[in-house]
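Chain and residue survey
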Amino acid sequence: MLSSSGHTHRLPAVEKGLEPDVTAEGTTHPGLFRPSDEFFWGVATSGYQAEGGYNGPGEPLNNWGWAESNGDVVPSGRTSDFWTLAHEDFARCRDMGLNAFRMSIEWSRIQPTRVLHPIEGLAPGEPPPPFDERALYSYAQRIADCRAHGLEPIITLHHFVQPAWLGLDAWLKPETVDHFLAFVEHTLAYFLRTLPHDFGCAPPRWFITINEPNLLAFNHYSYRIFPSGRPIGVEPTVQCLSHLLEAHVRAYRLIHDIYARSGLKPMVSFNNYSSDLYWTDAAILDLLFAPARKVPRQTIRDDLAERARAFDERFKAAKLFPMHGPRYFLSQWIKRAHHSLAKRGFNQPCWSRLISLLYERAEVPLDYIAFDYYDPFIAHAIRWPTWHDFDRRKRSFRDWVLESVASKWWDWHMLPEGLAFFVKHLARYGLPLLIAENGMALRRLPDNRPFRRRDNLARSHYLREHIRVVTRLVERGQPLIGYLHWSLFDNYEWGSFAPRFGLFSLDYTVYPTRHAVDVTGDNASATYAGEVREARAQLAAAARRAGHKPPSEPANSGAAPATNITATRESNI
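The structure presented is a predicted model; accordingly, all values stated were derived computationally and were not measured. (Residues numbered from 1 in each chain as written. Predicted model: local features only at pLDDT ≥ 70, side-chain atom pairs only at ≥ 80, totals over all residues. Heavy atoms only, no water.)

Right, let's get into the sheet that holds strand β1 (residues 40–44). Pairing within the closed barrel is parallel, and its eight strands lie in the order β1-β2-β3-β4-β5-β6-β7-β10. On average, adjacent strands in this sheet sit at an angle of 25° to one another, irrespective of strand direction. For β1 and strand β2 (residues 100–104), the ladder comprises three bridges, and the chain directions are parallel. Its bridge partner lying in β2, Val43 is registered against Phe101. Contacts from helix α16 (residues 459–475) reach β1, β6 (369–373), β7 (433–438) and β10 (480–486), with the element oriented near 170° to β10. (Pairing = 2+ DSSP bridges. Helix = DSSP H or I, 4+ residues; strand = E, 2+ residues; numbered from the N terminus. Axes fitted to C-alpha atoms, helices over the stretch in contact; angles between N-to-C directions. Contact = heavy atoms within 4.5 Å.)

The next thing to look at is the packing of aromatic side chains. What the rule picks out here adds up to 47 aromatic pairs. Ring geometry for Tyr373 against Phe422: centres 6.1 Å apart, planes inclined by 55°, an arrangement best described as tilted. Of this pair, Tyr373 sits in strand β6 while Phe422 sits in helix α15 (residues 416–427), placing them 49 residues apart in sequence. Put simply, the rings of Tyr278, Trp279, Phe311, Phe315, Phe346, Trp351, Tyr373, Phe377, Phe421 and Phe422 pair up and form one aromatic cluster. Over the ring of Trp83 we find Arg142; its NZ or CZ atom is 3.7 Å from the centre of that ring. Of note, Arg443 hangs over the ring of Phe451, and the distance from its end group to the ring centre comes to 4.4 Å. (Phe/Tyr/Trp six-rings, centres within 6.5 Å; stacked < 30°, edge-to-face > 60°. Lys NZ or Arg CZ within 6 Å of the ring centre and 35° of its normal.)

Here the focus is the environment of Pro112. In this structure, Pro112 sits in the loop between α5 (107–110) and α6 (133–148). Sequence separation of Pro112 and Pro130 is 18 residues, and the distance between their C-alpha atoms is 7.7 Å. Ignoring sequence-local partners within four residues, the contact set of Pro112 consists of Pro60, Pro129, Pro130, Asp132 and Trp165.

A separate point is helix α17 (residues 524–545). With 22 residues, α17 extends 31 Å between its outermost C-alpha atoms, agreeing within 8% with the 32 Å of an ideal straight helix rising 1.5 Å per residue. Positive backbone phi, approximately 85°, marks Gly547, located one or two places after α17. (Expected span 1.5 Å × (residues − 1).)

So, on to the nonpolar core. Judged by nonpolar contacts, the single largest core of 160 residues is most densely connected at Trp41, Phe101, Phe180, Trp351 and Tyr528. When residues of this core are assigned to their parent elements, the largest contribution, 13 residues, is made by helix α9 (residues 234–260). Counting residues in each nonpolar core, the second largest holds five residues, with Met414, Met440, Leu442 and Leu457 among its members. (Core = buried A, V, L, I, M, F, W, Y, C linked by side-chain atoms within 4.5 Å. Buried < 20%, exposed > 50% of the residue type's maximum accessible area, 1.4 Å probe, protein only.)

As a further point, take the pairing of β7. Two faces belong to every sheet, and in a regular strand the side chains alternate between them. The buried fraction of β7 amounts to six of the six residues, a majority that puts the element mostly inside the structure. Both β7 and β10 contribute to a ladder of three bridges, which runs parallel. Note that in β10 the partner of Leu433 across the bridge is Leu480.

Turning to unusual backbone geometry, a few remarks are in order. In this structure, the amide linkage connecting Trp486 to the following residue, Ser487, adopts the cis form with an omega of 5°. In this structure, Ser487 sits in the loop between β10 and β11 (499–500). Even without a glycine there, the phi angle at Glu212 is positive, about 40°. For Glu212, the position within the fold is in the loop between β4 (206–211) and α8 (213–221).

Judged by how many residues are buried, α8 sits mostly within the fold: nine of nine residues are covered. Taken together, the buried positions of α8 are occupied by Pro213, Asn214, Leu215, Leu216, Ala217, Phe218, Asn219, His220 and Tyr221. Considering only its buried residues, α8 is in contact with β4, α9, β5 (267–273), α10 (282–289) and α12 (326–345).

You can see His117 is positioned in the loop between α5 and α6. A polar atom in the side chain of His117 sits 3.1 Å from the backbone oxygen of Val115. Dropping the residues within four chain positions of it, His117 is found in contact with Trp66, Leu122, Glu126 and Trp165. (Polar contact = N/O pair within 3.5 Å; in protein donor to acceptor, adjacent residues only side chain to side chain.)

A separate point is the pattern of salt bridges. In the structure shown here, the tally under the stated rule is 26 salt bridges. Residue Asp89 pairs with Arg92 through a salt bridge whose shortest N-O separation is 2.8 Å. Of this pair, Asp89 and Arg92 are both found in helix α4 (residues 82–95), three residues apart, which corresponds to roughly one turn of the helix. Judged by relative accessible area, which is 0%, Asp89 ranks as buried. Residue Arg92 is classed as buried on the basis of its relative accessible area, which comes to 0%. (Salt bridge = Lys/Arg side-chain N within 4 Å of Asp/Glu carboxyl O.)

The next subject is the side chain of Ser269. Take Ser269: it is sitting in strand β5. What makes Ser269 buried here is its relative accessible area of 0%. There is a polar contact of 2.7 Å between the side chain of Ser269 and the backbone oxygen of Tyr368.

If you want it as structure tokens, here you go:
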């Protein structure tokens, strides 16, 4: 049976006659997005993964520099060469009819070091390196070019990496928060001054301070997927996470203060990696909302424990996958163990500093809620042992065992019903919602040998199913304001080039040239463009039915014409 998107790949729940529950549960959100407002359709990227030019001789060094130089991971090299090809990539997005582009401003490039310090970082009293004004100007050029192509820039200020001069385990040290704030203040003051004056365009308004703080902390100090010099454990994990959240709260206040002096209103958030493990994801939002909810400081732990119980009940009631079989029961054991460890970790003294900061003001340090949706279910995290798809990098015996049973990027399941569950859950907080990342991986080795997914899923199928759910959620009154696909092109995925997430595929044996049609014959960029056109028409029709005036559509499918800011390059879309 054909879906409304015109293809035959159907979800098990749909085959049984069930649709994702996208109703708004009778909840209204005054002043939030309605179908008559402009919706962000875009892509997400990150600097270290896409720009190229890090950790090589004479290049800016970040905290992955030691792992790259030691051969522990595949060197990032020029990766997708976005630093050079940004103008063409913005044109590709314009040609697809997109209107938003998420990009990061890399701290390592703006305040660089080109010599690896000791892994401890700066010596006591040693000043940090100066800011590189040329790098700032180059980023301003790219933001202006992004705007000239009709794309709203959504700026990430920290996407998993920081300058090497901070050391390998920077976020275990509270002084890293102060260094991060100095970087944020200098960078945004520069953009506020330079973009209107030199480029005649508005400075960026939408910000994500810290990318996936929950995953960053766990990947360094619980799973050891990211490089670190500390043994894994609860203490360093929560210490890192508490400092990242403190950095967000203080940056949120700083950005609003800087912009208030210019008479502009920013929109500031961070994006978590969605998870059905409450203490890994939802607990962070509940903690940030606690002062505004008037939760007494001394009862925060009990409040979070009660909210964890309620979250688990709602998740169980959603019945997103069969509640039987060994993997399901193992996942429930992992959940119970996780709850126990997380509650113990919340007693760590490092939280007191963050809680004191939060209770200085009865405000919510978020203007909207950004979240990433991939395969967030612990029941999918375990697979039957397999040894055919290890990355070619150094591994301890523990890592080899873990990798044999842990799900890989290209094993992640497609479950758009789960997206509807998380949107409904997050809508309870009463803020606009942005899907900051969503995508699926194929596996392709550096020599370009492709591997089909075990479920034979194509990226076009994945896009259709998720955009169908997103469109229905907006029609039904959920406060979604945008959808950003990860990613525009294949890039460096944290030590490896094997996972391929791009709408455009790359051939790394020649040059990171973008190919619209991948090795399986799928043209995901064309699919995304078509789905966005259909979604816009569907939402415009919904707006007319609701008596709203739909947004005007520019002649080129929702994007303004490009203006030459850098040298014109011909797009090879």
